[in-house]
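# Working through the structure, step by step
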Amino acid sequence: NEGGFDELLAFRFISGENTIFRNIKKILPGHCATIAMNGKISHQRWWNLANRIQSHCTIQKPFEWFTEIFNSYRMVSDVNVGVLLSAGLDSTAVTQALKNNNFNNIATFNVAFKNKRHDESVLAQQFCKDIDYQFNKIYVENDDLIKNVEDASYFYDEPLVHLNDPQI
């Protein structure tokens, strides 16, 4: 779908249901798709963020409200759960919330780099030691990095366009 390239390059994603592939669509947030036996696809909206926000009561104590919501993290799974732990604020906060809610036997996974400027594995490993979670790390460098990006692009089904380094 050549028409999506400008949007992809400008915004790093293609909005709505369109994709970079011709005749391939995404299911929109809050929607589900049903495929009938005759192959007809129908979409149904099951959740609406705007309606949810409008119907929500006024939050009197935002910090307390956020803390309660964040720490009431629900985790339901039929298989073991792991956390991609970079040692940044987001992944560390989520991992700590799991620990606060007595979720044990959580495995964490970290991508480490030999270049110490980009490597946060020491911090992540210390954090896991402090909360008694399993720590796993993998070094991704040079040819491995290129191979993994190629594999991820294939499985992701869209080009990966993430500029995570603020110096870029």
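For the structure itself, look to the data block above.
Residues numbered from 1 in each chain as written. Predicted model: local features only at pLDDT ≥ 70, side-chain atom pairs only at ≥ 80, totals over all residues. Heavy atoms only, no water.

## What about the overall build of the protein?
Of regular secondary structure, the protein possesses six helices and five strands. Reading the protein from its N terminus to its C terminus gives the helix and strand order α-β-β-α-α-β-α-β-α-β-α. A principal-axis box enclosing the C-alpha atoms of the protein has dimensions of 55 × 50 × 35 Å. Taking contacts inside the protein between residues at least 6 apart in sequence as the whole, the part at least 24 apart equals 51%. Surface exposure of the protein reaches about 13,600 Å², of which carbon and sulfur atoms provide 56%. Put simply, the protein has 16 plus and 20 minus side-chain charges, and the middle of one group is 5 Å from the middle of the other. (Helix = DSSP H or I, 4+ residues; strand = E, 2+ residues; numbered from the N terminus. Contact = heavy atoms within 4.5 Å. Areas by Shrake-Rupley, 256 points an atom, 1.4 Å probe, with all protein chains shown as cover. Lys, Arg positive; Asp, Glu negative; His and termini not counted. Charge placed at Lys NZ, Arg CZ, Asp CG, Glu CD.)

## Focus on the pattern of salt bridges
Side chains that carry opposite charge are capable of pairing whenever their charged atoms lie near each other. The full count for this structure, using the stated rule, is two salt bridges. Of the charged contacts, one joins arginine 22 and glutamate 2 as a salt bridge, the two residues approaching to 3.3 Å between their closest N and O atoms. Of the two residues, arginine 22 sits in the loop between helix H1 (5-11) and strand E1 (31-35) while glutamate 2 sits in the segment before H1, which places them 20 residues apart along the sequence. (Salt bridge = Lys/Arg side-chain N within 4 Å of Asp/Glu carboxyl O.)

## Quick look at the nonpolar core
Among the nonpolar cores identified, the biggest contains ten residues, and these are Val83, Leu85, Leu98, Ile106, Ala124, Phe127, Cys128, Ile131, Tyr133 and Phe135. With four residues, helix H5 (residues 121-131) is the single largest residue contributor to this core. In this structure, isoleucine 106 is in contact with Met75, Val81, Val83, Leu98, Tyr133 and Gln134, ignoring residues within four places of it in sequence. (Core = buried A, V, L, I, M, F, W, Y, C linked by side-chain atoms within 4.5 Å. Buried < 20%, exposed > 50% of the residue type's maximum accessible area, 1.4 Å probe, protein only.)

## Things to note about the pairing of strand E5 (residues 134-139)
Relative to E5, strand E4 (residues 107-112) runs parallel, the two being bridged by six bridges. Within the sheet, the bridge partner assigned to phenylalanine 109 lies in E5 and is asparagine 136. With H5 bridging E4 and its parallel neighbour E5, the resulting β-α-β unit is right-handed. (Pairing = 2+ DSSP bridges. Right-handed = clockwise from strand over helix to strand, strands pointing away.)

## Overview of helix H4 (residues 89-100)
For an α-helix the count is 3.6 residues per turn, leaving residues at separations of three or four pointing the same way. Given a rise of 1.5 Å per residue, twelve residues ought to cover 16 Å, and the 16 Å separating the end C-alpha atoms of H4 matches this to within 8%. Considered for burial, the residues of H4 that qualify are Ser91, Thr95, Ala97 and Leu98. Buried residues of H4, viewed axially, fall in a sector of 155 degrees; they line one side. Buried residues along H4 sit in contact with helix H3 (62-71), strand E3 (82-84), E4 and H5. (Expected span 1.5 Å × (residues − 1). Arc of directions from axis to C-beta.)

## Let's talk about the side chain of asparagine 110
The topology assignment puts asparagine 110 in strand E4. Of the polar contacts made by the side chain of asparagine 110, one reaches the backbone oxygen of leucine 85; its length is 2.8 Å. Beyond its immediate sequence surroundings of up to four residues, asparagine 110 is in contact with Leu85, Ser86, Glu120, Ser121, Ala124, Phe135, Asn136, Lys137 and Ile138. (Polar contact = N/O pair within 3.5 Å; in protein donor to acceptor, adjacent residues only side chain to side chain.)

## A closer look at a nonpolar patch on the surface
Taken together, the side chains of Trp46, Trp47, Leu49 and Ile53 present a nonpolar region at the surface, about 470 Å² in accessible area. On the secondary structure map, tryptophan 47 appears in the loop between strand E2 (41-45) and helix H2 (49-55). The exposure class assigned to tryptophan 47 is partly exposed, which follows from its relative accessible area of 36%. (Patch = residues over 30% accessible without salt bridge, like charges linked within 9 Å, V, L, I, M, F, W, Y side chains within 5 Å.)

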